[in-house]
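# Summary of the model geometry
Here is how the chains run, residue by residue.
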Amino acid sequence: MTVTEGAPRLRHKVTVIGSGNWGTTVAKLVAENTAGHPDLFEEDVQMWVYEEKVTIAPDSKHYDPAVGDSPQNLTAVINKYHENVKYLPGIALPRNVVANPSLVDAVKDSSVLIFNLPHEFIGNICRQIKDHILPYARGISCIKGVTVSEDNIELICEYISETLGIYCGALSGANIASEIANEQWCETTIAYNTPAGDLHNSSSSSNGKTASNGDGLIEFTDSRGRVSKTKLTPMPATYPTLDHDELHKLFARPYFTVSMVSDVVGVSLGGALKNIVALACGFVEGHGWNMTAKTAVMRRGMLEMIAFAREFYPETIQEKTFWEESAGWGDMIVSCTSARNWRYSKMAVERGVTVEEIEKTELNGQKLQGISTTREVASFLKAKGVQDKYPLFMLVEGILDANVDVEDIPALIRK
Ligand SMILES: NC(=O)c1ccc[n+]([C@@H]2O[C@H](COP(=O)([O-])OP(=O)(O)OC[C@H]3O[C@@H](n4cnc5c(N)ncnc54)[C@H](O)[C@@H]3O)[C@@H](O)[C@H]2O)c1
Ligand SMILES: O=P(O)(O)OC[C@H](O)CO
């Protein structure tokens, strides 16, 4: 076979960083697709696992009398039985999902990095991989959260981009991991603005907002509409172009409908802020109020999300994302009626304990992103002196800190 000069000779290697409930589900669906697109992707998908010990119960089909109840490494168990027995039990994983306890080894030579772990851990992860990734790797963040330092707020994909010097898009939607793992149909949204230097067969990017600055690196417009301080190494032409079509092939499944957009802010903020609203819905339902109260909370929550996006990302927010995409209203509805933040904040009020206590005792290692997101957003709003404009977000912080009673929500919101 003659290889045409400049034609792709390599395929994208994909790593999923994280292996919780959603991390493992995304590794499963992506691995199904890498196997189906050998022209674009290497078949094996690395899944980095935060190593921990697990014990297999005697009534499990994976119980091995020779091992008994001795604790085993989760990674070894996943690779032996092709199942994440702790975070996604009962779901068969494709054999091309390779669990790897070494973060540095898992990201080595990967051109596509899928970040999928609770947002609290992203700083530590980025520090560890910074000097070990390909300079032209590209990221997709499936993480729902934000990072706040004093009066500065960053979307997780912004943080990843700045810390690692790579471009990073975002995936978010009305997505309950266990349902998708069972291949029940749902939708999601991916926001990605392909850097111009990555488009080998085209002279402009999908958003026309990147340019070479003469030193081989490319500038790009960040989520706030500014020329980013981060300069990107372009993806070499030896790889297949990584644009909307290829990302769609990597993530879409017959049971997972993917909409590709360019609004990174709308997709990221929708996924992060709705978790605050989901806690509020759990609180009012735990208190004994029903769908009408929850609807009031959701409506006000959506208005505060839009106000937040307008106030802090005025240049780039495309509000239609909140109304038209799964990452907006869709995610709000599912999060306030059947997801973990809603379910366990309701349980906390019913039992008269804190949500943190419920997270420790009931979630078997899974995390409620709403707790830290509420605290981070509230501290950011106070630092900016605009907390009065966001009464619902602030009330949720008050309830988490036991300074506010759920009973008082209507009066405090009116005030
Ligand atoms: N589960 C869902 O249905 C769902 C759906 C959509 C989006 N999300 C989002 O996906 C992201 C990941 O959530 P998840 O559901 O996969 O996680 P999870 O809550 O199920 O699991 C927690 C994970 O954190 C890991 N962990 C614990 N300590 C750690 C440490 N010190 N450093 C690194 N990792 C550590 C655990 O090993 C585990 O993999 C979150 O932002 C969440 O909001 C979740
Ligand atoms: O289970 P939660 O509350 O973390 O929410 C899961 C997803 O974000 C719902 O779309």
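As a reminder, the structure under discussion sits directly above these lines.
Presented here is an overview of the structure given in this document. All of these numbers come straight from a predicted model, not from anything done at the bench.

### With respect to the environment of threonine 75
By secondary structure assignment, the location of threonine 75 is in helix α2 (residues 74-81). Classification of threonine 75 by relative accessible area gives buried; the value is 4%. As for threonine 75 and tryptophan 48, which are separated by 27 residues in sequence, their C-alpha atoms are 8.9 Å apart. Discounting residues that sit within four places of it in the chain, threonine 75 has contacts with Val49, Glu51, Ala99, Asn100 and Pro101.

### Section: the site of ligand 1
With respect to spatial proximity, 24 residues lie near ligand 1, and among them Asn21, Trp22, Ala177, Lys367 and Gln369 are the closest. Between ligand 1 and tryptophan 22 there is a distance of 2.9 Å, counted from an oxygen atom to a backbone nitrogen or oxygen. Within the contact set of ligand 1, an oxygen atom lies 2.9 Å away from a backbone nitrogen or oxygen of lysine 144. Calculation on ligand 1 without its partners gives an accessible area of 850 Å², and the protein chains cover 90% of this total.

### Brief notes about the packing of aromatic side chains
With the rule as written, the count across this model stands at eleven aromatic pairs. With a centroid separation of 6.0 Å and an interplanar angle of 55°, the aromatic rings of phenylalanine 308 and phenylalanine 380 are classed as tilted. Pair noted here: phenylalanine 308 is in helix α9 (residues 291-312) and phenylalanine 380 is in helix α14 (residues 369-384), with a separation of 72 residues, a long-range link. Of the two residues, phenylalanine 308 and phenylalanine 380, neither departs from the other in class, the shared state being buried. Following the ring pairs from residue to residue traces out a cluster consisting of Phe308, Phe312, Phe380, Tyr390 and Phe393.

### Description of helix α1 (residues 21-36)
End to end, α1 covers 23 Å across 16 residues, agreeing with the expected 22 Å (1.5 Å per residue, within 8%). Counting buried positions along α1 yields 14 of 16 residues, so the element is predominantly enclosed.

### What to know about unusual backbone geometry
The general pattern is negative phi for most residues beyond glycine and trans for most peptide bonds. One non-glycine residue, histidine 82, lies in the positive phi region at around 55°. In this fold, histidine 82 is placed in the loop between α2 and β5 (97-100).

### Focus: the sheet that holds β5
If you walk across this open sheet you meet the eight strands as β5-β2-β1-β6-β7-β10-β11-β14, and the pairing is mixed. The open sheet terminates on both sides in strands that have one partner only, identified here as β5 and β14 (256-261). Geometrically, the sheet is characterised by an average inter-axis angle of 25° between neighbouring strands, direction not taken into account. Pairing between strand β2 (residues 41-48) and β5: four bridges, direction parallel. Its bridge partner being in β5, methionine 47 is matched across the sheet by alanine 99.

### Considering the packing of helix α4 (residues 122-129) against helix α5 (residues 156-164)
Put simply, α4 and α5 touch, their axes get as near as 10 Å, and they point 25° apart. One way to sum up the angle between α4 and α5 is to call them roughly parallel. Crossing hand, α4 versus α5: right-handed. Residues Ile122, Gly123, Cys126, Arg127 and Ile129 of α4 form the contact with α5, whose participating residues are Ile156, Tyr159, Ile160, Thr163 and Leu164. Here the contact of α4 with α5 is composed, by residue class, of seven nonpolar, two polar and one charged.

Reading the values: rules and limits
Residues numbered from 1 in each chain as written. Chains lettered and ligands numbered in written order. Predicted model: local features only at pLDDT ≥ 70, side-chain atom pairs only at ≥ 80, totals over all residues. Heavy atoms only, no water. Helix = DSSP H or I, 4+ residues; strand = E, 2+ residues; numbered from the N terminus. Buried < 20%, exposed > 50% of the residue type's maximum accessible area, 1.4 Å probe, protein only. Contact = heavy atoms within 4.5 Å. Near = heavy atom within 4 Å. Polar contact = N/O pair within 3.5 Å; in protein donor to acceptor, adjacent residues only side chain to side chain. Areas by Shrake-Rupley, 256 points an atom, 1.4 Å probe, with all protein chains shown as cover. Phe/Tyr/Trp six-rings, centres within 6.5 Å; stacked < 30°, edge-to-face > 60°. Expected span 1.5 Å × (residues − 1). Pairing = 2+ DSSP bridges. Axes fitted to C-alpha atoms, helices over the stretch in contact; angles between N-to-C directions. Parallel < 35°, antiparallel > 145°, perpendicular 65-115°, else oblique. Left-handed = near helix turned anticlockwise from the far one by under 90°. Nonpolar A, V, L, I, M, F, W, Y, C, P; charged D, E, K, R; others polar.

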